[in-house]
Amino acid sequence: MKQGELVWLWMALVILGAVTVLAYRSIDSAADTLGWVEHTGKVLQQISEVTAAYSRAVTARRAYVVAGDDSQLADVRDLDERLGRAIGAERASLADNPSQLRSLEAMSRLLEERLSSLDASVAQRRREGVGVETAEGFALTAQIRTIREKMEGEENRLLAERDALTRRDMARTKFAEIIGTLASFAILLFAFNRLRREIARRQQTEQALVASQSFLDSIVENIPNMIFVKEAGELRFERINRAGEQLLGVKRADLVRKNDFDLFPREQAEFFQERDRETLNNKIPVDIAEEPIKTARGERWLHTKKVPVLDAEGVPKYLLGISEDITEQRQAAEALKSAKDAAEAANHELEAFSYSVAHDLRAPLRGINGYSVALVEDIGDKLDGEAKDYLQRIGAGATRMGQLIDALLGLSRVSRADLVREPVNVTEMASSVVAQLRMSDVARVVDFVVADGLRAQGDPLLLRALLENLLGNAWKFTSKLERARIEVGRTEYEGALAYFVRDNGAGFDMEYAGKLFAPFQRLHKPTEFSGTGIGLATVQRIVWRHGGKVWAEGHVGRGATFHFTVDDARSAQGVDHGQ
Amino acid sequence: MASNKVILLVEDNYDDEVLTLRALKKSHIANEVVVAHDGVEALDYIFGTGVHAGRDVTIQPQVVLLDLNLPRIGGLEVLKRLRAVERTRFLPVVVLTSSKEDEDMMKSYANGANAYVSKPVEFDAFSEAVKTLGLFWLLLNEIAPPPRRPL
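Scoring rules and cut-offs
- Residues numbered from 1 in each chain as written.
- Chains lettered and ligands numbered in written order.
- Predicted model: local features only at pLDDT ≥ 70, side-chain atom pairs only at ≥ 80, totals over all residues.
- Heavy atoms only, no water.
- Helix = DSSP H or I, 4+ residues; strand = E, 2+ residues; numbered from the N terminus.
- Contact = heavy atoms within 4.5 Å.
- 1 Å grid on protein atoms, 1.4 Å probe; cavity = no way out; pocket = protein on both sides within 12 Å on 5 of 7 lines; lining within 4 Å.
- Points joined across faces, edges and corners; volume = space filled by probe spheres on them.
- Nonpolar A, V, L, I, M, F, W, Y, C, P; charged D, E, K, R; others polar.
- Buried area = accessible area lost by both parts, 1.4 Å probe.
- Salt bridge = Lys/Arg side-chain N within 4 Å of Asp/Glu carboxyl O.
- Polar contact = N/O pair within 3.5 Å; in protein donor to acceptor, adjacent residues only side chain to side chain.
- Pairing = 2+ DSSP bridges.
- Axes fitted to C-alpha atoms, helices over the stretch in contact; angles between N-to-C directions.
- Buried < 20%, exposed > 50% of the residue type's maximum accessible area, 1.4 Å probe, protein only.
- Phe/Tyr/Trp six-rings, centres within 6.5 Å; stacked < 30°, edge-to-face > 60°.
- Lys NZ or Arg CZ within 6 Å of the ring centre and 35° of its normal.
- Parallel < 35°, antiparallel > 145°, perpendicular 65-115°, else oblique.
- Left-handed = near helix turned anticlockwise from the far one by under 90°.
- Patch = residues over 30% accessible without salt bridge, like charges linked within 9 Å, V, L, I, M, F, W, Y side chains within 5 Å.
- Areas by Shrake-Rupley, 256 points an atom, 1.4 Å probe, with all protein chains shown as cover.

Enquirer: How would you sum up the overall build of chain A? Please name residues and give values.
Expert: When its secondary structure is counted, chain A shows 13 helices and 12 strands. Sequence separation of 24 or more characterises 64% of the internal contacts of chain A that already satisfy a separation of 6 or more.

Structure representation (structure tokens):
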């Protein structure tokens, strides 16, 4: 209970208590005074009784004294005793009132005196035949009357006084009752009002609670992953959401209050509960990347997170579980893995094949070439020009086939080699290739223009092979010019950085641009320009391995430009405009 | 040329054997050439076992020209076994093969080959290579003496 409410309760109790005490005391006091009123009445009656008894006692004696009637004398003794009893009773009643008691005692003495005087008159009559009432006797009677009247007066005064007191007490009681009733009403009204407001407030809170509860419920219900709650003791299911029902193929009514052993094969149930205990004992969430579970729809795979739910004292109360059905992902991953395995196996086969090409195909070529050369050497002077030429062609054919095999192996090496991305200074690399080309034919006049600050993120060995091929082509296809110009630079392509190698050489017909990058495709006759037809295929493969694009533009007799990207966000950042 | 020095040619391909011998002859290298046609024969010759049992193994070839792809015991295995034995640990071995694979080259050097030569298809280039090899290994190179301690 709140402090304020406690104060109110105490106040109400104090008010009601005070009113009760007040009323009780008024009633008590009224009852008291009422007793006294009654007592006074009794005293008054006793006075009458004393008066009556005295009158009888006097009358019996006087009848003899005055009229000689002795009929009543026999009763005198009884009458005197009656008077004595009446006086005794009155004395008892007046024990609390000393002044009245004194009056009574005075009256009692006077009564005795009056009766003694009459007794003397009675004796006189008997003796002398005539009795005399003395004046003294009358005076006593008058005194007795005075005292009696005084006592009666006193008692009547007391009666009036006590009556007034009673009325006052009654009025007080009535007042207390009214006040009490009013206070009770007020407190009742106040309490009722407060109660009503409290009830309204609680109803509101309850409604809000119900609303928020149903909101939470509907969220839990609609989450597309299985959500379940187990109690921490026996790990029985307390709750499960719709996705859980669908996943397990079990209605929640058939699942609640059951544990894993009721629902799943022993081995799985043991695994689940082991993880549950681990979560609850360590009080930390546990992540199970993959776990199999037997459901009505067959075996599924779950990725489950288990979370301990602690009470206010930090004792695990519930286990919350969230499971994602990863069966399809897992199947996809497995399919991917087997595809990868197959690809790796194929790659392995390719490697074995390449090796055998390298080793086994070259050996017979050496034989063909070697023996044809040996024939020319040994019996060349015995052969005519035509036969010698044929032998030389046999040797040259074998040599060319060797070159083609080497080129093909080079291409396959480009495909197989591991790709390492690191910062490459393209400007420096191109310049080094250019220097190599110049050394191969120092007589040629070629203007090389290599842009400054070309940088890329790529495999240095592969990028060098790429530049060697492109610059080598440019060098080759400008060989018939007196003054060639070969340019290496960068440009922008679809928001990304692209590099280019441009020459003013033989060029090509754009109609055949699609054939440029295919292996062994050549757009020029071997008599014009030598080559294996593998160079651009190698370039394309290197670019593809970097995730980039390569394309060419050209016109017959007016040169060609080869563009390529190594399509990586980091390569764009690698451009240093400051240099 | 010092004709007492033997060359051991380990070669399974007949054409290559003929052409190598021709190239040596053309280069005027008149040394005795012992030809082993697989790894087992090569090891038998060097260690004086099998078909070469009883050979004086204190006389060892001046150079071994070793192909990699051999029947029975491969070239790399031959190389490993030579390097594992004290007496042949420093025997000059030149790997002479068709292979241009980086991996073959790396493995050969890793197992203690003294040189790695890829056989060119063109005979002129091939005979040039053989000539250079002969000059270097038979004339210029001083080989480590075999240990005096008997096995």
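After that view of the structure, there is still more to cover.
Enquirer: Residue-level account of empty space enclosed by the protein, with values.
Expert: All names here are of chain A. One pass over the structure, following the stated rule, counts 4 cavities of 30 Å³ or more. As a volume, the largest cavity reaches approximately 100 Å³. If you trace the largest cavity, you find 15 residues lining it, with M226, F228, F237, F272 and I293 closest to the centre. Listed by contribution, the elements that provide at least two residues to the lining of the largest cavity are β1 (226-231), β2 (237-240), β3 (286-295) and β4 (298-310). For the lining of the largest cavity, the per-class residue count stands at 9 nonpolar, 2 polar and 4 charged.

Enquirer: Provide a residue-level description of the interface of chain A and chain B, including the pertinent values.
Expert: On the side of chain B, 21 residues touch chain A, which itself brings 22 residues to the contact. When the two sides are added together, the surface that chain A and chain B hide from each other amounts to roughly 2,000 Å², 49% of it contributed by carbon and sulfur. In terms of surface lost to chain B, no three residues of chain A exceed A:Y355, A:H359 and A:R366, which account for 34% of the buried area on that side. In this assembly, chain A and chain B are joined by 4 salt bridges. When the shortest N-O distance is used, the salt bridge between A:D378 and B:R22 registers 2.8 Å. The interface formed by chain A and chain B contains 8 residue pairs in polar contact (both at pLDDT 80 or more). The element best represented in the side of chain A that touches chain B is helix α8 (residues 327-379) of chain A, accounting for 16 residues. Its residues placed into classes, the side of chain A that touches chain B shows 8 nonpolar, 6 polar and 8 charged.

Enquirer: How would you summarise the sheet that holds β2(A) if you had to cite specific residues and measurements?
Expert: The strands making up a sheet are joined through hydrogen bonds of the backbone, oriented either antiparallel or parallel. Residue and element names in this part refer to chain A. Taken in spatial order, the 5 strands line up as β2-β1-β5-β4-β3 in an open sheet, and their pairing is antiparallel. Two strands bound the open sheet, and with one partner strand each, they are β2 and β3. Between one strand axis and the next, the sheet turns by 30 degrees as a mean value, whatever way the strands run. Strand direction decides the pairing type here: β1 and β2, joined by 3 bridges, are antiparallel. Opposite K230, over in β2, you have F237 as the bridge partner. Its contacts with the sheet put helix α7 (residues 266-282) on β1, β3, β4 and β5 (316-325), and the angle it makes with β3 is roughly 155 degrees.

Enquirer: Lay out the sheet that holds strand β11 (residues 550-554) of chain A in plain terms, naming residues and giving numbers.
Expert: Residues and elements named next belong to chain A. Taken in spatial order, the 5 strands line up as β7-β9-β10-β12-β11 in an open sheet, and their pairing is mixed. The open sheet has two edge strands with one neighbour each: β7 (446-450) and β11. Ignoring which end each strand starts from, the neighbouring axes of this sheet average 20 degrees apart.

Enquirer: Tell me about the side chain of A:T327, residues and numbers included.
Expert: All names here are of chain A. Considering the arrangement of structural elements, one finds T327 in helix α8. In this structure T327 comes out as buried when scored by relative accessible area, which is 4%. A distance of 3.5 Å separates the side chain of T327 from the side chain of R300, its partner in a polar contact. The contacts of T327, once residues within four sequence positions are left out, are E299, R300 and W301.

Enquirer: So what's going on with the pairing of strand β9 (residues 484-493) of chain A? Residues and values would help.
Expert: All names here are of chain A. Note: β7 against β9, 5 bridges, orientation parallel. By the bridge assignment for β9, D447 is matched with R485. Pairing of β9 with strand β10 (residues 496-503) involves 8 bridges; the strand directions are antiparallel. Residue V488 lies in a different strand from β10, and its bridge partner there is V501. Between the antiparallel neighbours β9 and β10 lie 2 residues, among them E494 with a positive phi of about 50 degrees.

Enquirer: Lay out the packing of aromatic side chains in plain terms, naming residues and giving numbers.
Expert: Residue and element names in this part refer to chain A. Evaluated as defined, the whole model comprises 11 aromatic pairs over all chains. Arranged with centres 5.4 Å apart and planes meeting at 85 degrees, the rings of F264 and F272 form a pair that is edge-to-face. Considered together, F264 and F272 belong to a single accessibility category, that of buried residues. Look at F448 and W475: their rings are 6.2 Å apart centre to centre, the planes differ by 5 degrees, and that puts the pair in the stacked class. Residue F448 is found in strand β7, and its partner W475 is found in helix α11 (residues 460-477); the two are separated by 27 residues along the sequence. Each member of the pair F448 and W475 is classed as buried. Taken together, the ring pairs in this structure connect F264, F271 and F272 into an aromatic cluster. When the ring centre of F138 is taken as origin, the NZ or CZ atom of R114, which lies over that ring, is 5.8 Å away.

Enquirer: A description of the pattern of salt bridges should follow, citing residues and the corresponding values.
Expert: For side chains of opposite charge, pairing can occur when their charged atoms come near one another. Residues and elements named next belong to chain A. Per the stated rule, a full pass over the model turns up 46 salt bridges over all chains. Between E154 and R157 there is a salt bridge, with its nearest N and O atoms 2.8 Å apart. Here E154 pairs with R157, and both are found in helix α4 (residues 135-222), just 3 residues apart, close to one helical turn. Residue R157 is classed as partly exposed on the basis of its relative accessible area of 43%. Its salt-bridge partner being E487, residue R485 comes within 3.8 Å of it at the nearest N-O pair. You can call R485 partly exposed: its relative accessible area is 39%. Linked by salt bridges that have partners in common, E221, R242, E245 and R252 make up one network.

Enquirer: Explain the packing of helix α3 (residues 98-128) of chain A against α4(A) to me, using residue names and the numbers behind them.
Expert: All names here are of chain A. Where α3 meets α4, the axes come as close as 9 Å, and the angle between the chain directions of the two elements is 155 degrees. Here α4 runs roughly antiparallel to α3, going by the angle between their axes. Crossing angle aside, the handedness with which α3 passes α4 is left-handed. Contacts between α3 and α4 involve Q100, S103, L104, A106, M107, L110, L111, E113, R114 and S117 from the first element and G137, F138, L140, T141, Q143, I144, I147, R148, K150, M151, E154 and E155 from the second. Within the contact of α3 with α4, the residues separate by chemical class into 10 nonpolar, 6 polar and 6 charged.

Enquirer: Can you explain the packing of α11(A) against helix α12 (residues 535-545) of chain A? Please cite residues and give values.
Expert: All names here are of chain A. One can describe the packing of α11 onto α12 by two numbers: an axis separation of 9 Å at closest approach and a directional angle of 145 degrees. Note on packing geometry: the crossing formed by α11 with α12 is left-handed. Here α11 contributes L462, A465, L466, N469, L470 and N473 to the contact with α12, which in turn contributes G535, L536, T538, V539, I542 and V543. Within the contact of α11 with α12, the residues separate by chemical class into 8 nonpolar, 4 polar and no charged.

Enquirer: Now, about a nonpolar patch on the surface: what can you tell me, with residues and values included?
Expert: All names here are of chain A. A cluster of nonpolar residues, V7, W8, M11, I15 and F190, forms a patch on the protein surface that exposes about 440 Å² of accessible area. Looking at the nonpolar patch, the element that brings in the most residues is helix α1 (residues 3-67), giving 4 residues. For I15, the location among the structural elements is in helix α1.

Enquirer: Describe in detail the layout of surface pockets, supporting the description with residues and values.
Expert: Here the largest pocket defines a volume of roughly 1,200 Å³. Looking at the lining of the largest pocket, its residues break down into 20 nonpolar, 12 polar and 14 charged.

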